Amino acid sequence: MKTLDTWPHFEGSIEDICRAFPSPLAALAQGKVPALVLRNVYKPSHCSSLIERFYEKGLLYNPHELDHPHRVDIGTSFGTHRLDREVFFSHSSQTSKLFSTLFEGYDDPIQAMYDTLTQLATDKEVKTAREPDGQLYGPAIFRAYYAGLGHGPHYDSVAKRTKAFDYQVSRFEHQFSGVLCFQNSEGTGENGAPFLYNCPWDVAVQEQLNKEKFHQYIVKEQIERVLIDMEPGDLYFFFSENIHEVPPVIGESPRIVLAIFFAMSLDDDEIYVWA
């Protein structure tokens, strides 16, 4: 499948990004740029050390010890737990407790993501998503993709896809995602590396997704896509309402990332972050 170069991501410092796009998040939502990439936001040595800690604590598994690999989430997935509010918020509380000690001795990677987002959000306040009664969502999530695992073409939106209107995060106009690379899978190219498509979700696109003919559709329509090539410690933000995918991982080394969703409206002074 051809990757066109007419829709390149933007890479640089916070200052570079803000000079190029006075409202960086609005630029993502408007499709002016597929992703904002910041290198070395987090120390690669801390990535590898924390991964060792995850194995020591049994939070990750050795693929040689299981016949059927599965994705591992360290944190609370809204999509997985949202149907039972009590379970969701209980799980979120446990996640916050885990994260309060998990990074001891190292820089806090979640704080690094929130701090970077705050600088890109200009005049908005970035905070962990919450309900009116004060219950907090999970602030972020580690995801480990083992051999054969990835995400097919999809989009993410609490309001448009999940339709979870009983949660506060559905009130916002635009939804985004941030991904901090902790470990790459082996090899290069279409091997656990994310692709972003210049293709916002709509009913016609959904029909192609339902028929599993999205890849044929984008070739026919000459829709641009971009590969986001990351190294440990690199961070990127993108508009999650555009179609995106992660091809299956190949090899014994799992792809490990720290990920967040966040949402905003132009007329709202808050940005809510969750996992």
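Here the structure is shown first, and the text comes after it.
Residues numbered from 1 in each chain as written. Predicted model: local features only at pLDDT ≥ 70, side-chain atom pairs only at ≥ 80, totals over all residues. Heavy atoms only, no water.

Enquirer: I would appreciate a short explanation of the sheet that holds strand β8 (residues 195-200) in the present structure.
Expert: Within a beta sheet, neighbouring strands are joined by backbone hydrogen bonds and run either parallel or antiparallel to one another. Here we have 4 strands laid out as an open sheet, ordered β6-β11-β8-β9, and antiparallel in their pairing. Every interior strand has two partners, whereas the edge strands, β6 (151-154) and β9 (225-227), have only one. Between one strand and the next, the sheet's axes are offset by a mean angle of 15°, whatever the strand orientation. Examined bridge by bridge, β6 and strand β11 (residues 242-246) share 2 bridges and lie antiparallel to one another. If you follow H154 over to β11, its bridge partner there is H244. In this fold helix α9 (residues 214-221) packs onto β6, β8 and β11, with an angle of close to 70° to the strand it touches most, β8. (Pairing = 2+ DSSP bridges. Helix = DSSP H or I, 4+ residues; strand = E, 2+ residues; numbered from the N terminus. Axes fitted to C-alpha atoms, helices over the stretch in contact; angles between N-to-C directions. Contact = heavy atoms within 4.5 Å.)

Enquirer: What is the right way to read the side chain of E245 from this model?
Expert: With respect to the helices and strands, the residue E245 is situated in strand β11. The charged side chain of E245 is buried without a salt bridge, its nearest counter-charge being R225 at 4.6 Å. In terms of polar contacts, E245 uses its side chain to reach the side chain of H215, at 2.9 Å. (Buried < 20%, exposed > 50% of the residue type's maximum accessible area, 1.4 Å probe, protein only. Lys, Arg positive; Asp, Glu negative; His and termini not counted. Salt bridge = Lys/Arg side-chain N within 4 Å of Asp/Glu carboxyl O. Polar contact = N/O pair within 3.5 Å; in protein donor to acceptor, adjacent residues only side chain to side chain.)

Enquirer: Got a minute to help me understand helix α8 (residues 203-210) in this structure?
Expert: Along an α-helix, residues three or four positions apart point the same way, because every turn accommodates 3.6 residues. Restricting attention to buried positions, one finds in α8 the residues V205, Q208 and L209. Projected down its long axis, α8 carries its buried residues within an arc of 100°, all on one side. In α8, the exposed positions angled more than 90 degrees off the buried face are occupied by V203 and N210. On the buried face of α8, the contacting elements are β6, β8, α9 and β11. Sitting at the amino-terminal end of α8 is D202, which places a side-chain oxygen 3.1 Å from the backbone nitrogen of A204. Of the residues trailing α8, E212 is marked for its positive phi of about 55°. (Arc of directions from axis to C-beta.)

Enquirer: What is the right way to look at unusual backbone geometry in this model?
Expert: A negative phi angle characterises most non-glycine residues, just as the trans form characterises most peptide bonds. Located in the positive-phi region is K163, a residue other than glycine, with phi close to 55°. Locating K163 in the fold gives a position in the loop between α7 (158-162) and β7 (174-183). For K163, a relative accessible area of 52% puts it in the exposed group. The backbone of Q222 sits at a positive phi, close to 55°, despite the residue not being glycine. Mapped onto the elements, Q222 comes out in the loop between α9 and β9.

Enquirer: Would you mind showing me how to read the nonpolar core here?
Expert: Where a protein is soluble and globular, its nonpolar side chains tend to be buried together. In terms of nonpolar packing, the biggest core is built from 48 residues, with L25, L60, L117, F182, F237, F262 and I271 touching the most fellow members. Filtering out sequence-adjacent residues up to four positions away, I271 remains in contact with L25, L117, A121, K124, E125, V126, K127, F262, A263 and M264. (Core = buried A, V, L, I, M, F, W, Y, C linked by side-chain atoms within 4.5 Å.)

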